[in-house]
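# Observations on the three-dimensional arrangement
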Amino acid sequence: MSKAGADEGGGAGGGGSEKALQQAEDDTPEGKFPGKLSAVISGPGWTKVTCPCCATERVEPLVLVKLGANVRPETKRWLIKLIGASQKDGGAGLLAHPGEDASGDIIVVAAPRCTLLRGAEELGLCKTYQSGDMEAFSYNDRDNFKDSDNTEVFLTLAERQFMVKYELDGLRAQRDLRIPGLTDGRALQNRDNVWQKLGSAGVIVDTFPLHNPEQLKELSEAWYSGNQLVQPLDSVNGYFGSSVAFYFSFLDFYTWSLLPPAILGLSITYFSGEAQKEVVDSVSGAQVEEEDEDHGHSGHMIQAVFSMLWSTVFMELWKRRSSSLSYRWGTLHLAERFAEPRPGFHGDLGVNPVTGRVEPLFPGWQRDLRMALVSIPVVGLFLGLVILGMLGFYWGEAQVQQLHTDWDSLVSQTLLYMPSVLHIVYTNMLATVYKTVARALTEYENHREESSFEKHLTAKVLVFTFFNYFAVLFHIAFFKQDVPLLRKRLASLLIVSQLVNQVTEVAIPFLVDRFISAPHRAESEDDPQEDKFRKQSTLPVFPGLFAEYIELLVQFGYLSLFSCVYPLTAVLLLVNNMTEIRSDAYKICKLFRKPFTPPVANMGVWQLAFEVLSFVSVVSNCWLLLLSPRLQGLCHEAGMSSTNILLSAVLVEHFLILVKVVLSVLIPDEPDWIRRKREHIEFTSMEALKLQKLQPDES
């Protein structure tokens, strides 16, 4: 999938590329293209393959390119020629079909076998060898891999579509070149990103992967349409890709892991009269009388210790499951190469000192300066808005408490929840605005690699999320030391937030799709295939899994950090997540376009975020227990001073941290058989690399 062959000396020069692209107008006549677009059968409208082994009667449409309304026919023909030209001639090495009309606004893209197999090697995918084991795929050894002659079986649909996107995004001009049908001001300069330049010029409006209706129907029936308790994760990976499959696998694993803390929470609530009173008071909004706080705290201690240990065991077992899934899905040994810069990266043209390629260069000190002078102050501004909202919450809380004291009526008791509800709405709105700002800031920082861009974006969102959702709870717990208020606030978050999320994430999109969007997408079997493809563009773009991971992270924080003051936390989360799995599955299948998803080996930075919260839970639960009047009373009865109580809490905290570390060591991150498989894959990959280096020397 190399994109700079002309710069590396091994590929065709820029002149060959220019000749191949500018002859497009001579190769295709004006007007109708011969042949109609078919879902699987190739016709004369598809560009020709240059490799004999890639010739086939079956062509699978993978990606749709939507063009601007004013794109001229000669521009469309030039673009089709560019997509179909071989990589050594500066093209993408793909297959393209113009639809039924040369002046139409779509181009359907497919991929020949050799391009897909080279892409599999470039990405470092592992596939099934003749021996039955998973091995890192090698193009030179392709005949020894099972089903390598049939890419629809050998590679998943998500992998094939992502490889098409990678090839299109990596197209770069080999020299200065004028685009037919556009003004000279839109000409391509040497090493310009072609796809990005065409997008800014309005030639390309959209690029998205196509749904396969038959596969989507089968997946829907096995996923959310029936009463299945087990998710078809392998089918999800095959259709939507490993990044989506890892999210749903984690959601499934997390949901079932909520059973033990949920059972414990129900038991504590059922057998402890004080716990029942606290739950009722947290819902009713009344204050717990201080003299009643001395009873029933043993259950909270059990809940606190259990939450600390559960969070550690949960994360360690998930890492084992994650490594097993990574092996099964062939992403255990993904390659880390010096790839082309991401499409949004810009800078002055120069020679990359690492790769030797001509590409845009951007000094690291300028990026650091932008982060220091722009990104950090803006993030700080939003954190200040969080504090402002927290102060408003406290002011409103004081006002309604005074009102309830004066009125002592049902209306005033209902108003006790108003500050919490308003603050939840405020934090959700602030989080939505901040996500847009964070993405704009990360774009401004101008990161070269896509992984670096995602890492910095995620870091910004995680810092804000932790501050936005947990600052009030920490302030109530450790500064105000108001456990009844903390319990009421947590109950508000668990109940109100889940209802708001279900309405905004499922109900509203469903109603909009059902009564507004769906009638415009109605189709019949007699409709041309081109029209069916085009109607998929009317679906909204999939927003990604960012918000879903944030929701799970906040849930995990409520449970691991504060559940000792509200034992029913796990119960409410379990009920919510049982519907969350199906609603998320329904959304991605029915309400959005099919997304491009790169192969991934795990949850990435999100896994680290969950582990950090698991560690912080030790500190949080220890100090919450220290606030217990019953525990403090027992310590004072034993003759302990306040200083000794504090030192004892620190010792218990460090002991529990040690227990967590020991548990994490005793539970390996991956099973032994996965470790052996990974080491074997690494060894065979090194041997194959040595063989490739020896062959040129011998020749």
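Glancing now at the overall build of the protein chain. A tally of helices and strands in the protein chain yields 26 helices and 8 strands. Scored against the burial criterion, the 699 residues of the protein chain give a buried share of 50%. The long-range fraction of contacts in the protein chain, counting pairs at least 24 apart against all pairs at least 6 apart in sequence, stands at 74%. Just so you have it, the protein chain exposes about 32,100 Å², and 60% of that area is on carbon and sulfur atoms.

Here we come to the packing of helix α11 (residues 242-257) against helix α22 (residues 569-591). Direction vectors running N to C along α11 and α22 enclose 160°, while the axes themselves pass 9 Å from each other. Here α11 lies roughly antiparallel to α22, going by the angle between them. For the crossing formed where α11 meets α22, the hand is left-handed. Counting all contacts with α11, which are made through V244, Y247, F248, L251, D252, Y254 and T255, the residues of α22 involved are L573, L574, N577, M578, E580, I581, D584, A585 and I588. Looking at the contact of α11 with α22 residue by residue, the classes come out as 11 nonpolar, 2 polar and 3 charged.

Attention now moves to the pattern of salt bridges. Side chains that carry opposite charge are capable of pairing whenever their charged atoms lie near each other. If you walk through the whole model with that rule in mind, you get 20 salt bridges. Put simply, K165 and D169 hold a salt bridge, and the shortest N to O gap is 2.6 Å. With K165 and D169 both in helix α7 (residues 157-169) and 4 residues apart, the pair spans about one turn of that helix. Residue class for D169 comes out buried when judged on its relative accessible area of 18%. Through salt bridges with shared partners, a single network forms among E316, K319, E611 and D669.

What follows is about the confidence of the model for the protein chain. Mean pLDDT over the protein chain stands at 81; residues scoring 70 or higher make up 84%. Here helix α1 (residues 5-8) stands out as the element of the protein chain with the lowest mean pLDDT, 38, in contrast to helix α10 (residues 233-240), whose mean of 96 is the highest. Confidence drops under a pLDDT of 50 for residues 1-42, and excluding neighbours within four residues, the segment shows 97 contacts in the predicted structure. Note on residues 286-296: pLDDT is under 50 here. Beyond four places in sequence and across chains, it has 19 contacts.

Before going further, it helps to spend a moment on α22. Along α22, the sharpest change in direction is near 25° and occurs at E580. With 17 of its 23 residues buried, α22 lies for the most part within the structure.

Residue placement: L545 occurs in the loop between α20 (529-535) and α21 (546-562). L545 sits in the buried class, given a relative accessible area of 15%. Between the alpha carbons of L545 and D584 there is a distance of 9.9 Å; along the sequence they are 39 residues apart. Residue contacts for L545: discarding those within four places in its chain leaves S243, V244 and Y247.

For the rest of this paragraph, the subject is the environment of P360. Along the chain, P360 falls in strand β8 (residues 358-361). Through-space distance from the C-alpha of P360 to that of L349 is 4.3 Å; in sequence the pair is 11 residues apart.

As a further point, take the nonpolar core. In terms of nonpolar packing, the biggest core is built from 140 residues, with L79, W223 and F470 touching the most fellow members. Here this core takes 12 residues from helix α18 (residues 450-480), the largest share from any one element. Apart from residues no more than four positions distant in its own chain, W223 is found in contact with Q228, Q231, P232, V236, F240, F248, R582, A585, I588 and C589. Residues W46, I106, F208 and L210 belong to the second largest nonpolar core, which totals 10 residues.

A surface patch of nonpolar side chains, about 590 Å² in accessible area, is lined by L229, V230, W256, L259, I263 and M578. Topologically, L259 is positioned in helix α12 (residues 259-271).

What follows is about the sheet that holds strand β6 (residues 204-209). Here we have 4 strands laid out as an open sheet, ordered β2-β3-β1-β6, and antiparallel in their pairing. Looking at which strands have only one partner, the edges of the open sheet turn out to be β2 (95-97) and β6. Sheet twist, expressed as the average angle between the axes of neighbouring strands with direction ignored, equals 20°. Sheet topology places β2 next to strand β3 (residues 106-110); 3 bridges connect them, and they run antiparallel. Looking across to β3, one finds that A96 is bridged to V109.

Taking 1.5 Å per residue as the helical rise, α12 with its 13 residues ought to reach 18 Å, and the 18 Å between its terminal C-alpha atoms agrees with that figure. Within α12, the full set of buried residues consists of P261, A262, L264, G265, I268 and T269. The arc that holds the buried residues of α12, viewed along the axis, is 165°, so those residues lie on one side. Along α12, exposed side chains directed more than 90 degrees from the buried face belong to I263, Y270 and F271.

Further remarks concern the packing of α21 against α22. Running from N to C, α21 and α22 cross one another at 170°; their axes reach a closest spacing of 11 Å. In terms of axis orientation, α21 runs roughly antiparallel to α22. Taking contact as the criterion, the partners of E548, E551, L552, Q555, Y558 and L559 in α21 are, on α22, T569, A570, L573, N576, N577, E580, D584 and K587. Across the contact of α21 with α22, the residue classes tally to 5 nonpolar, 4 polar and 5 charged.

Turning next to unusual backbone geometry. Most peptide bonds take the trans configuration, and most residues that are not glycine carry a negative phi. Positive phi values are uncommon outside glycine, yet D147 reaches one of about 65°. In this fold, D147 is placed in the loop between β5 (134-136) and α6 (151-154). With phi around 65°, N446 is a residue other than glycine that occupies positive phi space. Summarising the element assignment, N446 is placed in the loop between α17 (418-445) and α18. The class for N446 is buried, based on a relative accessible area of 0%.

Moving on, we get to the packing of aromatic side chains. Under the definition given, this model contains 36 aromatic pairs. Plain terms: the ring middles of W223 and F240 are 6.3 Å apart, the flat faces sit at 50° to each other, and that makes the pair tilted. You can see W223 sitting in helix α9 (residues 213-223) and its partner F240 sitting in helix α10, a full 17 residues away along the chain. Each member of the pair, W223 as well as F240, carries the same accessibility label: buried. Both rings, one in F253 and one in F314, keep their centres 5.6 Å apart while their planes meet at 20°; by these two values the pair is stacked. One end of the pair, F253, is in helix α11; the other, F314, is in helix α14 (residues 297-328), and 61 residues separate them in sequence. Like F314, F253 is buried.

Here is what the cut-offs are and how they apply
- Residue indices follow the written sequence of each chain, beginning from 1 at its first position.
- Only residues with pLDDT of at least 70 are given local features in this predicted model, and only at 80 or more are side-chain atom pairs given and counted; all residues enter the totals for whole chains, interfaces and linings.
- Based on all heavy atoms of the structure, the side-chain values leave hydrogens and waters out of the count.
- Helix and strand assignments come from DSSP, with helices taken as H or I runs of at least 4 residues and strands as E runs of at least 2, each series counted from the N terminus.
- Each residue's exposure class comes from its accessible area (1.4 Å probe, protein chains only) as a fraction of the maximum for that residue type: buried when under 20%, exposed when over 50%, partly exposed otherwise.
- What makes two residues a contact is simply this: any of their non-hydrogen atoms within 4.5 Å.
- Surface accessibility in these figures is a Shrake-Rupley result with a 1.4 Å probe; residues are shielded only by whichever protein chains are displayed.
- Every angle, taken between N-to-C directions, lies between 0 and 180 degrees, and every axis is a line fitted to C-alpha atoms, over only the stretch in contact when it is a helix.
- Oblique is the label for any angle not covered by the other classes, which are roughly parallel (under 35 degrees), roughly antiparallel (over 145) and roughly perpendicular (65 to 115).
- Here a crossing is taken to be left-handed if its near helix is turned anticlockwise relative to the far helix by less than a right angle, and right-handed if that turn runs clockwise.
- Under the scheme applied here, ten amino acids are nonpolar (Ala, Val, Leu, Ile, Met, Phe, Trp, Tyr, Cys and Pro), four are charged (Asp, Glu, Lys and Arg), and all others, including Gly, are polar.
- What makes a salt bridge here is a side-chain nitrogen of Lys or Arg within 4 Å of a carboxyl oxygen of Asp or Glu, nothing more.
- What pLDDT reports is the predictor's confidence in each residue, on a scale of 0 through 100.
- Bend at a residue means the angle formed by two fitted axes: the first through the 7 residues ending at that position, the second through the 7 residues beginning there.
- We call a set of buried Ala, Val, Leu, Ile, Met, Phe, Trp, Tyr and Cys residues a nonpolar core when their side-chain atoms join them within 4.5 Å.
- Like-charged residues within 9 Å of one another, or nonpolar side chains (Val, Leu, Ile, Met, Phe, Trp, Tyr) within 5 Å, are grouped into patches, provided each residue has over 30% relative accessible area and no salt bridge.
- What makes two strands pair is DSSP finding at least two bridges between them.
- One less than the number of residues in a helix, times 1.5 Å, gives the span that helix is expected to have.
- This arc is taken over the directions from the axis of the helix to the C-beta atoms.
- Pairing of aromatic side chains here covers Phe, Tyr and the six-membered ring of Trp, requires ring centres within 6.5 Å, and sorts the geometry by plane angle: under 30 degrees stacked, over 60 edge-to-face, intermediate tilted.

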